[in-house]
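Structural description and commentary
Residues per chain, in single letters:
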Amino acid sequence: MGKFLGLLAVIALTGLGIFYFFSNSANAPSDDFGQTATTTPTPESDETETATSTSAHPLFSSSWQWVSFTGVNDSIVSPKDPSRFILTLSPDRRINSTTDCNSLSGGYIIDGEVLSFGALGATKVACMGETLETTYANALAQVGSYVIEDEMLTLILLRDQGTMQFTRAPLQ
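Note that the structure is predicted; figures quoted are calculated from it, not measured. (Residues numbered from 1 in each chain as written. Predicted model: local features only at pLDDT ≥ 70, side-chain atom pairs only at ≥ 80, totals over all residues. Heavy atoms only, no water.)

1. Brief notes about the nonpolar core
Core analysis: the largest hydrophobic core is formed by 26 residues, its most contacted members being Leu87, Leu115, Phe117, Tyr136, Leu155, Met164 and Phe166. Contributing elements (two or more residues each) for this core: β1 (64–71), β3 (86–89), β5 (103–111), β6 (114–117), α2 (133–141), β8 (143–149), β9 (152–157) and β10 (162–168). The element best represented in this core is α2, accounting for four residues. (Core = buried A, V, L, I, M, F, W, Y, C linked by side-chain atoms within 4.5 Å. Buried < 20%, exposed > 50% of the residue type's maximum accessible area, 1.4 Å probe, protein only. Helix = DSSP H or I, 4+ residues; strand = E, 2+ residues; numbered from the N terminus.)

See below:
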């Protein structure tokens with residue numbers, strides 16, 4: 001009887017571990033190859049904060065409207081309604097974004113032109129019809145740096161996986 005209870009306990013704990021793994025990885029962004037993306041958590045201290053992370057920084061001066069994603073082999077994906085994809089970065093290292101279905105939020109790290117987003121949480125509205133939310137969120141998870149040139153924000157993905165282009169969002 002003791003062996004049976006021990007085996008039952010192992011099965012229950014294994015089941016909980018599998019449930020925990022899948023519940024935490026189900027929303028993890030993945031790259032174009034189905035691999036789960038790793039993200040860097042937002043640090044709690046301001047020790048690495050640079051002078052560029054003040055509210056006068058061009059990233060924080062407005063929200064950004066997603067225009068397109070250019071992937072490997074120069075494939076281009078553009079939202080039908082760019083006004084539904086608005087990205088906002090705040091000086092306190094928080095990111096908020098709307099998509100064509102849900103809202104995303106999380107943290108980010110910035111150091112000069114290096115930019116990376118931590119794990120992004122999302123609301124869980126059931127998306128009807130075609131949506132680019134997954135493409136958008138997966139690309140954000142791969143960001144490694146940025147460039148702002150002439151009212152355009154370009155987020156450059158790691159490992160030459162592509163770029164995301166944004167324009168300043170109209171005031172609402």
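That was the structure; now back to the text.
2. Regarding the state of the cysteines
Following the criterion strictly, the structure yields one disulfide and no others. The side chain of Cys101 participates in a disulfide bridge whose partner is Cys127; the two sulfur atoms lie 1.9 Å from each other. With the S-S bond torsion at -105°, the cross-link from Cys101 to Cys127 turns out left-handed. Note that Cys101 is positioned in the loop between β4 (94–98) and β5 and Cys127 in the loop between β7 (121–122) and α2, a separation of 26 residues in sequence. (Disulfide = S-S within 2.5 Å.)

3. Considering the pairing of β4
Burial of β4 is one-sided: the residues Ile95 and Ser97 facing one way are buried, the residues Arg94, Asn96 and Thr98 facing the other way are not. In sequence, β3 turns back onto β4 through a hairpin of four residues, with Arg93 there showing a positive phi of about 65°. Of the pairings in the sheet, the one linking β4 to β5 comprises five bridges and is antiparallel in character. Residue Thr98 lies in a different strand from β5, and its bridge partner there is Ser103. Here β4 folds back onto β5, and the loop between the two strands holds four residues. (Pairing = 2+ DSSP bridges.)

4. What to know about the pattern of salt bridges
Enumeration over the complete set of coordinates arrives at one salt bridge. For the salt bridge of Glu151 with Arg168, the shortest nitrogen-to-oxygen distance reads 2.6 Å. Note that Glu151 is positioned in the loop between β8 and β9 and Arg168 in strand β10, a separation of 17 residues in sequence. (Salt bridge = Lys/Arg side-chain N within 4 Å of Asp/Glu carboxyl O.)

5. Digging into α2
Among the nine residues that make up α2, seven are buried, leaving the element largely enclosed by the rest of the structure. Where α2 is concerned, the buried positions are Glu133, Tyr136, Ala137, Asn138, Ala139, Leu140 and Ala141.

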